[in-house]
Structure formats: C-alpha cells, structure tokens
Amino acid sequence: AVSALAYRAELVRREGKLRQAQSQFLQALDLATDKRGSRMPIANRMLVGLGDIAREWNDLDEADRYVHEGIELAGRWSQADALSANLVLARIGQARGDWEAVHKALRAMRQAAVEFKATEADDRIADMVEAWMQIAQGELDGPRRWAERYGLLRSVDLSRSVAGEDGFARRLRKYEFSVAARLWIA
C-alpha cells in the first residue's frame, strides 16, 4: 500500500498537481510510520517526494530537511533511492545558488550510481544531471562531451529506437533531450 500510494503521488506530482501529490505522499508517510512514531526505511521515497514539492514551492529549508531525512532512511533501504534524493539535493543547491552543495550532491549521486551495479541507467542519469547542472553554471565543455557521448548532437529520429538501447534508456531520452536543448540554447 505504501509503495502504491507513493507511486501514485509521484505520477500526480509529474502532472503538476502538487497539493494532491503532497496529500498522497503524507498519507503514504503515515502508513510507513510505526505506532511509536518511527519511520520505516521505505518512508524515504515519500520524504524525498515531499522535499521535491517543497523545493517547487521555494521552501528550500523544508525541502532540505525532508530530503536529508529521506537519505538517512534510504541508506537502510535502497541505494537506488539515494540517487533520486541526491538529484533533489542538487536542485535545492541550484535554487540557492550554492554550487558547492550542488557538486557535493553530484558526487553522492555518482557514488550511488557506482555502488548500484544492477544497470547502467543510474550512471546515465548521473551523467545527465551533472551536464544539466554544469549548463546552469555556464560550464559548457563537459555538457558538450556528454551530448556527444550519448548521440545528442546529431539529428535523431524520435520514432525509431537507437540500436542497443533498452527500454529504460529509450524512456530516459526525453529527459536527455531537454538537457541537450538547454545546452543548445546556452
């Protein structure tokens, strides 16, 4: 039930319905809290989701608090969840103009990607987020190399899959294209 509610909240958040997403994340968080008030490790997903919503509302202190609590729980639950938590931390640092915090979050993302060896998707996400943050900082050489490595500088037929890409890599392309667009604009 907790996972299903968290997944629904994430989908609603992606639709931009932040109040509804917040309500569902809080409902899931209640289910992931035991009778003594201790949060179970699975609560990390709800905390990171709530942190991302707080970031959207520019409540950066609240966002930071939620995400750090989520990271603490993620360490006891899933290394993969640390990846998304550090993505939100990088975005909080970006919103604050705190590039040291952004780089710290990026290093933690990269470490989580290295430790989580189930797929190469996490490495690809870390690469993309790093390029995105470098563009925001006005550093374009690294993002150019990233775009070249992933074939984002040439014309791409969106109706056909790229040879050798799995389903996740194909779904990731839509996010990579938005980062590549930021690079082209810069």
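Look a little higher up for the structure.
Per chain, residue numbering runs from 1 following the sequence as it is written. Local features in this predicted model are restricted to residues whose pLDDT is 70 or higher, and side-chain atom pairs enter the listing and the counts only when it is 80 or higher, whereas totals over whole chains, interfaces and linings include all residues. Here the side-chain values reflect all heavy atoms present in the structure, with hydrogen atoms and water set aside.

A.B. asks: Would you mind going over the overall build of the chain with me for this structure?
C.D. replies: Strands are runs of DSSP state E lasting at least 2 residues, helices are runs of H or I lasting at least 4, and numbering of each runs from the N terminus. Across its full length, the chain carries 9 helices and 0 strands. What you see in the chain, going N to C, is helices and strands ordered as α-α-α-α-α-α-α-α-α. Remark: exposure states derive from per-residue accessible area (1.4 Å probe, protein chains only) relative to the maximum for the residue type, with buried under 20%, exposed over 50%, and partly exposed in between. Counting across all 186 residues of the chain, residues that qualify as buried make up 43%. It only takes one pair of heavy atoms within 4.5 Å for two residues to be counted as in contact. The contacts of the chain with a sequence gap of at least 6 include a subset with a gap of at least 24, amounting to 55%. Of the roughly 10,600 Å² that the chain leaves accessible, carbon and sulfur atoms contribute 49%. For accessible areas, the Shrake-Rupley method is used with a probe of radius 1.4 Å. Any residue's cover is judged against the shown protein chains and nothing else.

A.B. asks: Help me understand the nonpolar core in this model?
C.D. replies: Soluble globular proteins tend to pack their nonpolar side chains together in the buried interior. Membership of the largest hydrophobic core comes to 35 residues, with the highest contact counts inside it found for Ile92, Met133, Trp146 and Val179. Contributing elements (two or more residues each) for this core: α3 (44–56), α4 (60–74), α5 (79–96), α6 (99–115), α7 (121–137), α8 (141–149) and α9 (167–185). Leaving out residues up to four positions away in the same chain, Trp146 has contacts with Asp127, Met128, Ala131, Leu152, Glu176, Val179 and Ala180. In this text, buried Ala, Val, Leu, Ile, Met, Phe, Trp, Tyr and Cys residues form a nonpolar core when linked through side-chain atoms within 4.5 Å.

A.B. asks: Help me understand the pattern of salt bridges in this model?
C.D. replies: Note that side chains of opposite charge can pair when their charged atoms are close. Salt bridge, as applied in this entry: a Lys or Arg side-chain nitrogen positioned within 4 Å of an Asp or Glu carboxyl oxygen. One pass over the structure, following the stated rule, counts 16 salt bridges. Between Glu15 and Lys17 there is a salt bridge; the shortest N-O distance is 3.3 Å. Connected through salt bridges with shared partners, the residues Glu10, Arg13, Arg14, Asp52, Arg55 and Glu56 form a single ionic network.

A.B. asks: When you look at unusual backbone geometry in this model, what are you seeing that I'm missing?
C.D. replies: Keep in mind that most residues, glycine aside, have a negative phi and that most peptide bonds are trans. Even without a glycine there, the phi angle at Asn58 is positive, about 65 degrees. Tracing the chain through its elements places Asn58 in the loop between α3 and α4. By relative accessible area, Asn58 is classed as exposed at 57%.

A.B. asks: Whenever I open this one, the packing of aromatic side chains confuses me. Can you help?
C.D. replies: Both the distance between ring centres and the angle between the ring planes are used here to describe each pair of aromatic rings. Only centres within 6.5 Å qualify two rings of Phe, Tyr or Trp (six-membered ring in Trp) as a pair; their planes then separate them into stacked at under 30 degrees, edge-to-face at over 60, and tilted for everything else. Inspection of every chain in the model, using the stated rule, returns 1 aromatic pair. Should the NZ of a Lys or the CZ of an Arg lie within 6 Å of a ring centre and within 35 degrees of the ring normal, that charge is described as sitting over the ring. The ring of Trp57 is capped by Arg19, whose NZ or CZ atom sits 4.4 Å from the centre of that ring. Here Arg65 stacks its cationic end above the ring of Tyr66, 4.7 Å away from the centre of that ring.

A.B. asks: Any chance you could explain the side chain of Arg55 here in plain terms?
C.D. replies: Looking at where Arg55 falls in the secondary structure, it is placed in helix α3. Any pair of N or O atoms that falls within 3.5 Å is considered a polar contact. Within protein, one atom must be able to donate a hydrogen and the other to accept it, and sequence-neighbouring residues count only if both atoms are side-chain atoms. A distance of 2.8 Å separates polar atoms of two side chains, one belonging to Arg55 and the other to Asp52. Sequence-distant contacts of Arg55, that is, excluding residues within four places in its chain, are made with Leu60, Ala63, Val88, Arg91 and Ile92.

A.B. asks: When you look at the side chain of Arg13 in this model, what are you seeing that I'm missing?
C.D. replies: Locating Arg13 in the fold gives a position in helix α1 (residues 2–14). Overall, Arg13 belongs to the buried group, its relative accessible area being 17%. A polar contact is formed between the side chain of Arg13 and the side chain of Glu10, at a distance of 2.5 Å. Excluding anything up to four places from it in sequence, Arg13 contacts Leu18, Ala21, Asp52 and Ile53.

A.B. asks: Honestly, the environment of Val12 in this entry has me stumped. Any pointers?
C.D. replies: Among the secondary structure elements, Val12 is positioned in helix α1. Sequence separation between Val12 and Gln24 is 12 residues; the distance between their C-alpha atoms is 8.9 Å. If sequence neighbours within four positions are ignored, Val12 has contacts with Lys17, Gln20, Ala21 and Gln24.

A.B. asks: Looking at this model, I keep getting lost on the packing of α1 against helix α2 (residues 18–31). Mind explaining?
C.D. replies: Geometrically, a packed helix pair is captured by the angle between its two axes and the distance between the axes. Contact geometry for α1 and α2: axes closest at 8 Å, N-to-C directions at 165 degrees. Judged on the interaxial angle alone, α2 and α1 are roughly antiparallel. Of the two elements, α1 crosses α2, and the hand of that crossing is left-handed. Contacts from Val2, Leu5, Ala6, Arg8, Ala9, Glu10, Val12 and Arg13 in α1 reach Leu18, Gln20, Ala21, Gln24, Phe25, Gln27, Ala28 and Leu31 in α2. Residue composition of the contact of α1 with α2, grouped by class: 10 nonpolar, 3 polar and 3 charged. Whenever a helix is involved, its axis is fitted only over the stretch in contact; in every case the axis is a line through C-alpha atoms, and angles between N-to-C directions fall within 0 to 180 degrees. Note on angle classes: values under 35 degrees are labelled roughly parallel, values over 145 roughly antiparallel, values of 65 to 115 roughly perpendicular, and the remainder oblique. Handedness of a crossing follows from how the near helix is turned relative to the far one, being left-handed for an anticlockwise turn of less than a right angle and right-handed for a clockwise one. When residue character is reported, Ala, Val, Leu, Ile, Met, Phe, Trp, Tyr, Cys and Pro are called nonpolar, Asp, Glu, Lys and Arg charged, and the others, Gly included, polar.

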